[in-house]
Amino acid sequence: MIPSVSRLRCRRTIAAGALALAVTLSPGGASAFDIVYDPSNYAQNVLTATRALQQINNQITSLANQTQMLMNQAKQLASLPTSVLSLIEGNFAEMKRLMGEADKLAYNVSNIETQFSPTFQNFAAGKTDAQLIASARDRWQQSLSAYEHSLKAGAVAVQNLDSTRSQTSTLVDSSQSAIGVLQATQAGNQLLGVQTRQLADLTAMLAAQGRADALENSRKAAAQEQSREQLSRFLAGSSYSPTPVRMFHD
């Protein structure tokens, strides 16, 4: 009797479960776990995500470009690590010191105006013969000193050629390896400085040579004037009286 009741209850439970399952799976059935798929909404979500990803990629690209631009600007503003300015200034100072060694009628306009006339012009007035001889010796010494000074200026200019070659080579190498416009510009400016210094050396050498030639020509002109003055004094201070001259003894 009891087993029959148990079988009956089991059948009822199975029937109730089957009925519930049938209701759940039926097309018109409703459930809290139903999933609704909307194709248009899904497509819109995918498009929005794609656009957001594209914006992020654009921002990343823009930041990379800005970073590269800043790096390039840093290169353009980088200073040239090589400098020969101190060497150029040293060469200038050496030649300037040498030009300052010129004595007496040197490279000074007021000095020349003061000393040239009494030394090379109108020098004979009121001077004794001994003073004329001393003046001639002084002019000769000035001319000799000027030629010595000219030789020194030429020697300094030639010695600076090695420095010019070394400085030019250094700056050309620096210019070729420059990483930015500023470095290339600074190398070019220093090259112009080297060329300017070389032109200054040549100018000084020509000035020294011109001074030596001018003093020598002035000395020759003064010597001729002094010769005429001394001859005039000699003729004015002596009288000539002819005397018989015997060529052979009787």
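Everything discussed here concerns the structure shown above.
Residues numbered from 1 in each chain as written. Predicted model: local features only at pLDDT ≥ 70, side-chain atom pairs only at ≥ 80, totals over all residues. Heavy atoms only, no water.

Novice: Go over the pattern of salt bridges with me, naming the residues and quoting the values.
Specialist: With the rule as written, the count across this model stands at nine salt bridges. Put simply, Glu216 and Arg219 hold a salt bridge, and the shortest N to O gap is 2.9 Å. Separated by three residues within a single helix, Glu216 and Arg219 lie in helix α6 (residues 181-236), roughly one turn from each other. Overall, Glu216 belongs to the buried group, its relative accessible area being 12%. By relative accessible area, Arg219 is classed as partly exposed at 21%. A single network of salt bridges, built from pairs that share partners, joins Asp129, Glu229 and Arg233. (Salt bridge = Lys/Arg side-chain N within 4 Å of Asp/Glu carboxyl O. Helix = DSSP H or I, 4+ residues; strand = E, 2+ residues; numbered from the N terminus. Buried < 20%, exposed > 50% of the residue type's maximum accessible area, 1.4 Å probe, protein only.)

Novice: Describe the side chain of Gln167, listing the residues and the values that go with them.
Specialist: Residue position: Gln167 is located in helix α5 (residues 129-176). Take Gln167: its relative accessible area is 2%, and that puts it in the buried class. Those residues within four positions of Gln167 in sequence are excluded, and the remaining contacts are Val84, Leu87, Ile88, Asn91, Val194 and Arg197. (Contact = heavy atoms within 4.5 Å.)

Novice: Account for the packing of aromatic side chains, naming residues and giving values.
Specialist: The tally for this structure, following the rule as stated, stands at one aromatic pair. Both rings, one in Phe116 and one in Phe120, keep their centres 5.0 Å apart while their planes meet at 25°; by these two values the pair is stacked. Of this pair, Phe116 and Phe120 both sit in helix α4 (residues 109-120), four residues apart, roughly one helical turn. Note on Phe116: relative accessible area 26%, which makes it partly exposed. We note Arg211 situated over the ring of Tyr107; from NZ or CZ to the ring centre the distance is 5.7 Å. (Phe/Tyr/Trp six-rings, centres within 6.5 Å; stacked < 30°, edge-to-face > 60°. Lys NZ or Arg CZ within 6 Å of the ring centre and 35° of its normal.)

Novice: Residues and numbers for unusual backbone geometry, please.
Specialist: You will see that Lys104, though not glycine, has its phi angle at about 55°, which is positive. Tracing the backbone through its elements, the reader meets Lys104 in the loop between α3 (85-99) and α4.

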